[in-house]
Amino acid sequence: MMNTNLTNMERAEVLTAALPYIRRYAGKVVVVKYGGNAMINDQLKQQVMEDIVLLWLIGVRIVLVHGGGPEINDLMDRLGKKPEFVDGLRVTDKETMDIVQMVLAGKINKTLVNLLEMKGGKAVGLSGMDGRLLQCSMKDERLGYVGEIQKVHIQPVTDLLDRGYIPVVSTVGCDKSGNAYNINGDTAAAYIAGALGAERLIMMTDIAGVLKDKNDPSTLIPQITLPELPSLYDSGIISGGMIPKVECCAKALSRGVRNVVIMDGRVPHSILMELLTDEGAGTMVSKGEEADDRQKGWE
């Protein structure tokens, strides 16, 4: 919510301070992986949609990639079907895949498109099945219909961007035979951002970023480069559920994304803080080939 105590002069100064960042990102592609509590909490959801529309209005070519695990679990529970997971991935039999497709490509995708339109944006929803956007194969027979991305046909997304729309992509893919697959949202976002040569991939989570001490948000590491990752794995700083997220960051960078940020989606307007301020938000992962203003903070 806007601080109503600001004077008109102060508001003008805020907008002027953002001008260099607006120039930097205008016309550039930014992919946002939307998930976690920011997707469940209605107030946060409204703020995220406002942020995305604001960025779109100032000329950022923004793509929203979303998951929806909690809503899938909720529908499964109502249908009397218990969710199962192996190594953090949902076991997806044929019935579960039908539920995943209904929730992701149907309810959630169209709800987000509608919210963006209500905020003044122009959005179109896609699944990874549309235009064979995400072509995949079975990742592991134990997991059932969980997809491993083999190819990205990015033209449906670029066509929408070129026509001035915000593409909203649900992470359901298909194989050459037309079978639908559930795809990990972070992985899908990394591949899509790579295919687009995105300036930045923003991965929204429920923690501040990569922490030196996982129990202390004040130990946030603002920036990590790819050469530093092995030592962070060895020291246990990157562990547990953060490992696959960081691996997705590395995958995106290897596919042409300039840099990736893991941020806390529970913080209001964190996307704007990341893109339009000096300090940013969360942990930036980069190749390490270019200087960056952020301090490492963990050495």
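Below is a short write-up of the structure. (Residues numbered from 1 in each chain as written. Predicted model: local features only at pLDDT ≥ 70, side-chain atom pairs only at ≥ 80, totals over all residues. Heavy atoms only, no water.)

1. Side note on the overall build of the protein chain
Phase 1: The secondary structure content of the protein chain amounts to 10 helices and 14 strands.
Phase 2: Here the C-alpha atoms of the protein chain give a radius of gyration of 19 Å, agreeing with the 19 Å that 2.2 N^0.38 yields for 299 residues.
Phase 3: The principal-axis extent of the C-alpha atoms belonging to the protein chain is close to 60 × 45 × 35 Å.
Phase 4: Looking at the protein chain as a whole, 48% of its 299 residues are labelled buried.
Phase 5: Taking the contacts inside the protein chain whose residues are at least 6 apart along the sequence as the reference set, 72% of them involve residues at least 24 apart.
Phase 6: Accessible surface, the protein chain: about 14300 Å² in total, of which carbon and sulfur atoms supply 51%.
Phase 7: Seen as two clouds, the 33 positive and the 38 negative side-chain charges of the protein chain have centres 4 Å apart. (Helix = DSSP H or I, 4+ residues; strand = E, 2+ residues; numbered from the N terminus. Rg over C-alpha atoms; globule rule 2.2 N^0.38 Å. Buried < 20%, exposed > 50% of the residue type's maximum accessible area, 1.4 Å probe, protein only. Contact = heavy atoms within 4.5 Å. Areas by Shrake-Rupley, 256 points an atom, 1.4 Å probe, with all protein chains shown as cover. Lys, Arg positive; Asp, Glu negative; His and termini not counted. Charge placed at Lys NZ, Arg CZ, Asp CG, Glu CD.)

2. A look at the packing of aromatic side chains
Phase 1: Summed over the entire model, instances satisfying the criterion amount to one aromatic pair.
Phase 2: Taking 5.6 Å as the distance between ring centres and 50 degrees as the angle between the ring planes, the aromatic pair formed by Tyr 145 and Tyr 181 counts as tilted. Taken together, the positions of Tyr 145 in the loop between β6 (134–138) and β7 (147–152) and Tyr 181 in strand β10 (residues 180–182) put the pair 36 residues apart, joining distant regions of the chain.
Phase 3: Above the plane of the ring of Tyr 145 lies Lys 94, whose end atom (NZ or CZ) is 5.4 Å from the centre.
Phase 4: Directly above the ring of Tyr 165 sits Lys 122, whose terminal nitrogen or CZ lies 4.6 Å from the centroid. (Phe/Tyr/Trp six-rings, centres within 6.5 Å; stacked < 30°, edge-to-face > 60°. Lys NZ or Arg CZ within 6 Å of the ring centre and 35° of its normal.)

3. Quick look at the pattern of salt bridges
Phase 1: Applying the stated criterion across every chain, the model contains 15 salt bridges.
Phase 2: Glu 199 is paired through a salt bridge with Arg 24; the nearest N and O atoms lie 3.7 Å apart. Within this pair, whereas Glu 199 is found in the loop between α7 (185–196) and β11 (200–205), its partner Arg 24 is found in helix α1 (residues 8–25), the two being separated by 175 residues in sequence.
Phase 3: Exposure remark for Glu 199: the relative accessible area of 9% places this residue in the buried category.
Phase 4: With a shortest N-O distance of 4.0 Å, Glu 199 and Lys 28 are connected by a salt bridge. (Salt bridge = Lys/Arg side-chain N within 4 Å of Asp/Glu carboxyl O.)

4. Side note on the pairing of strand β2 (residues 61–66)
Phase 1: By the criterion of burial, β2 is predominantly enclosed, with five of the six residues buried.
Phase 2: Sheet topology note: the strand β1 (residues 29–34)/β2 ladder contains six bridges and is parallel. In the strand pairing of β2, Val 32 is matched with Leu 64.
Phase 3: Relative to strand β8 (residues 166–170), β2 runs parallel, the two being bridged by three bridges. Its bridge partner lying in β8, His 66 is registered against Ser 170. (Pairing = 2+ DSSP bridges.)

5. What about the sheet that holds β1?
Phase 1: Strands sit in the order β5-β8-β2-β1-β11-β13-β14-β12 across an open sheet of eight strands; the sheet is mixed. Bordering the open sheet on either side are β5 (123–127) and β12 (223–225), each of which pairs with just one other strand. Averaged over neighbouring strand pairs, the angle between their axes works out to 20 degrees when direction is ignored.
Phase 2: Both β5 and β8 contribute to a ladder of five bridges, which runs parallel. When the sheet's bridge partners are listed, Leu 126 is paired in β8 with Val 169.
Phase 3: Of the strands in this sheet, β1, β2, β8 and β11 touch α7, which is tilted by about 175 degrees from β1. (Axes fitted to C-alpha atoms, helices over the stretch in contact; angles between N-to-C directions.)

6. A word on empty space enclosed by the protein
Phase 1: The full count for this structure, using the stated rule, is one cavity of 30 Å³ or more.
Phase 2: The volume enclosed by the largest cavity comes to roughly 40 Å³.
Phase 3: What lines the largest cavity is Leu 44, Gln 47, Val 48, Asp 51, Met 204, Gly 265, Val 267, Pro 268, His 269, Ser 270 and Ile 271.
Phase 4: Elements supplying a minimum of two residues to the lining of the largest cavity: α3 (42–57) and α10 (270–276).
Phase 5: Partitioned by chemical class, the residues of the lining of the largest cavity number six nonpolar, four polar and one charged. (1 Å grid on protein atoms, 1.4 Å probe; cavity = no way out; pocket = protein on both sides within 12 Å on 5 of 7 lines; lining within 4 Å. Points joined across faces, edges and corners; volume = space filled by probe spheres on them. Nonpolar A, V, L, I, M, F, W, Y, C, P; charged D, E, K, R; others polar.)

7. What to know about the environment of Ile 271
Phase 1: Within the secondary structure, Ile 271 is located in helix α10.
Phase 2: By relative accessible area, Ile 271 is classed as buried at 1%.
Phase 3: Taking C-alpha positions, Ile 271 is 6.8 Å from Asp 51, a pair spaced 220 residues apart along the chain.
Phase 4: When residues no more than four places from it in sequence are discounted, the contact partners of Ile 271 are Val 32, Val 48, Asp 51, Ile 52, Leu 55, Ile 202, Met 204 and Met 263.

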